[in-house]
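In case you want the letters, here they are:
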Amino acid sequence: MKIYLDVFFIVNFFMNLLVFEIMNIFLRKRPVSVRCAAASAEGALAAVLLVFGGVRQMAAAFILMYLIVSCLMIRTAYGKTTVYGFGRHMAGFYLTAVIVAGAVMFLKGIAGIRNIPIIFLLSSAILLLFLAQKIVSSKKHEIRNEQNVFPVTIKYRGKSVKAAGFLDTGNNLYEPVSQECVTIVEYNLFQKMLSEEEKADFNKVLHDMEPELFGKLLLRYIPFHSLGKECDYLPGVRADDMEIQVNGSETVHTGNTWLGICDRFLSTDNGYEVLLNSGIFRK
């Protein structure tokens, strides 16, 4: 089988660069650095010398040279570091290389390709980079959401419910008369504190917005803007108190805070039932 020197170098260069870029995504380092490109070129050049120099036929020498080249590549890509940092980068490099090779072979099997063309390698590289970025982005979003979710206890007319509350920086809703901040609560949660008669009245308010019931239930119209609607209204009610547990042990009491009752699910994955106002901790 003919092996072209330039093609062999280019393929190895891009595969090394792919491994470094996926590593950088997971290590949260700056992608596409000059150091990583230089390290990838080192690895590609060494691969050319090892294969065309006949070292590949000598297993022990090949493994030793491969380890030495890998160490040089890590040193070039990430500079001087501690022993732990160097070992971490080496382990990450080999683990990523194995995963990338496995993924390419898997894609090759699905595509039913015998010999891997360059266009297939490049397409696989783009796909793997895209997947790595999506995984890390999704994980970051998940962690950020978890950091903004707090245990909440709402008290209303002598009853209370516990739920998860999400601190929504986009929730700047205020009650128009008092100018106090409004926390949005799912009706499915709020109704647990209502009597059967109150539930029936609230259902009418939520679906028909009957004005005469607002006085009976001590409600307020709270205007808000939502996607696809220029202006809408939530029925608002004053809670006796709302407790928010922060930092594991500290509890914040909001006092008589306004609740906007929403008849839709606030979270797509049921991660929370309360949308805390962004100004709730500034009270």
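The shown structure was predicted, so the numbers you read here are calculated from the model rather than taken from an experiment.

A. Summary view of the overall build of the protein. Along the backbone of the protein there are eight helices and nine strands. Split into buried and exposed, the 283 residues of the protein put 39% on the buried side. Looking at the protein alone, contacts between residues at least 24 apart form 62% of all its contacts between residues at least 6 apart. Surface exposure of the protein reaches about 16,900 Å², of which carbon and sulfur atoms provide 61%.

B. Inspection of the packing of helix α2 (residues 34–52) against helix α3 (residues 59–78) at higher detail. Two elements in contact, α2 and α3, have axes whose closest approach is 7 Å; the angle formed by their N-to-C orientations is 165°. Classified by the interaxial angle, the pair formed by α2 and α3 is roughly antiparallel. Handedness of the α2/α3 crossing: right-handed. Across from Arg35, Cys36, Ala38, Ala39, Glu42, Gly43, Ala46 and Leu50 in α2, the residues of α3 making contact are Phe62, Met65, Val69, Leu72, Met73, Arg75, Thr76, Ala77 and Tyr78. Grouping the amino acids of the contact of α2 with α3 by side-chain chemistry returns twelve nonpolar, two polar and three charged.

C. Just the packing of aromatic side chains, in detail. Enumeration according to the criterion identifies six aromatic pairs in this entry. The interplanar angle of 75° and the centroid separation of 5.3 Å between the aromatic rings of Phe13 and Phe14 together place this pair among those described as edge-to-face. For Phe14, a relative accessible area of 40% puts it in the partly exposed group. Ring centres of Phe20 and Phe93 lie 5.2 Å apart, and the angle between their planes is 40°; on these two criteria the pair is classed as tilted. Taken together, the residues Phe20 in helix α1 (residues 5–27) and Phe93 in helix α4 (residues 83–111) connect sequence positions 73 residues apart. Comparing Phe20 with Phe93 shows no difference in burial state: the two are buried.

D. Structural detail: the nonpolar core. Within the largest apolar cluster, 28 residues are counted, with the highest numbers of intra-cluster contacts made by Ile154, Phe190, Met242, Ile244, Leu259, Ile261 and Leu276. Elements represented by at least two residues in this core include exactly β1 (149–156), β2 (159–167), α6 (187–190), α7 (196–208), β6 (241–246), β8 (258–262) and β9 (274–276). Apart from the residues within four sequence positions on either side, Phe190 is in contact with Tyr156, Val185, Phe202, Val237, Leu259 and Ile261.

E. Highlighting the environment of Ala77. Looking at where Ala77 falls in the secondary structure, it is placed in helix α3. Given a relative accessible area of 6%, Ala77 falls into the buried group. Aside from chain neighbours lying at most four places away, what touches Ala77 is Phe20, Arg35, Cys36 and Ala39.

F. Broad picture of the pattern of salt bridges. In this structure the tally under the stated criterion is four salt bridges. Salt-bridge contacts for Glu243 lead to Lys155; the nearest nitrogen and oxygen are separated by 2.9 Å. Placement of Glu243 in strand β6 and of Lys155 in strand β1 is noted, with a sequence separation of 88 residues between them. Notably, a salt bridge pairs Arg238 with Glu180, separated by 2.9 Å at the nearest N-O pair. Residue Arg238 is found in strand β5 (residues 229–238), and its partner Glu180 is found in the loop between β2 and β3 (182–186); the two are separated by 58 residues along the sequence.

G. Representation of the pairing of β1 in the model. Pairing of β1 with β2, which is carried by eight bridges, proceeds in the antiparallel orientation. Following the sheet pairing, Lys155 is matched in β2 by Ser160. Here β1 folds back onto β2, and the loop between the two strands holds two residues, one of which, Arg157, carries a positive phi near 50°. Two elements, β1 and β6, share four bridges in a ladder whose sense is antiparallel. Bridged to Ile154 within β6 is Met242.

H. Main features of the environment of Leu234. By the element assignment, Leu234 lies in strand β5. The spatial distance from the C-alpha of Leu234 to the C-alpha of Tyr221 is 6.0 Å, given a sequence separation of 13 residues.

Conventions and cut-offs
- Residues numbered from 1 in each chain as written.
- Predicted model: local features only at pLDDT ≥ 70, side-chain atom pairs only at ≥ 80, totals over all residues.
- Heavy atoms only, no water.
- Helix = DSSP H or I, 4+ residues; strand = E, 2+ residues; numbered from the N terminus.
- Buried < 20%, exposed > 50% of the residue type's maximum accessible area, 1.4 Å probe, protein only.
- Contact = heavy atoms within 4.5 Å.
- Areas by Shrake-Rupley, 256 points an atom, 1.4 Å probe, with all protein chains shown as cover.
- Axes fitted to C-alpha atoms, helices over the stretch in contact; angles between N-to-C directions.
- Parallel < 35°, antiparallel > 145°, perpendicular 65-115°, else oblique.
- Left-handed = near helix turned anticlockwise from the far one by under 90°.
- Nonpolar A, V, L, I, M, F, W, Y, C, P; charged D, E, K, R; others polar.
- Phe/Tyr/Trp six-rings, centres within 6.5 Å; stacked < 30°, edge-to-face > 60°.
- Core = buried A, V, L, I, M, F, W, Y, C linked by side-chain atoms within 4.5 Å.
- Salt bridge = Lys/Arg side-chain N within 4 Å of Asp/Glu carboxyl O.
- Pairing = 2+ DSSP bridges.

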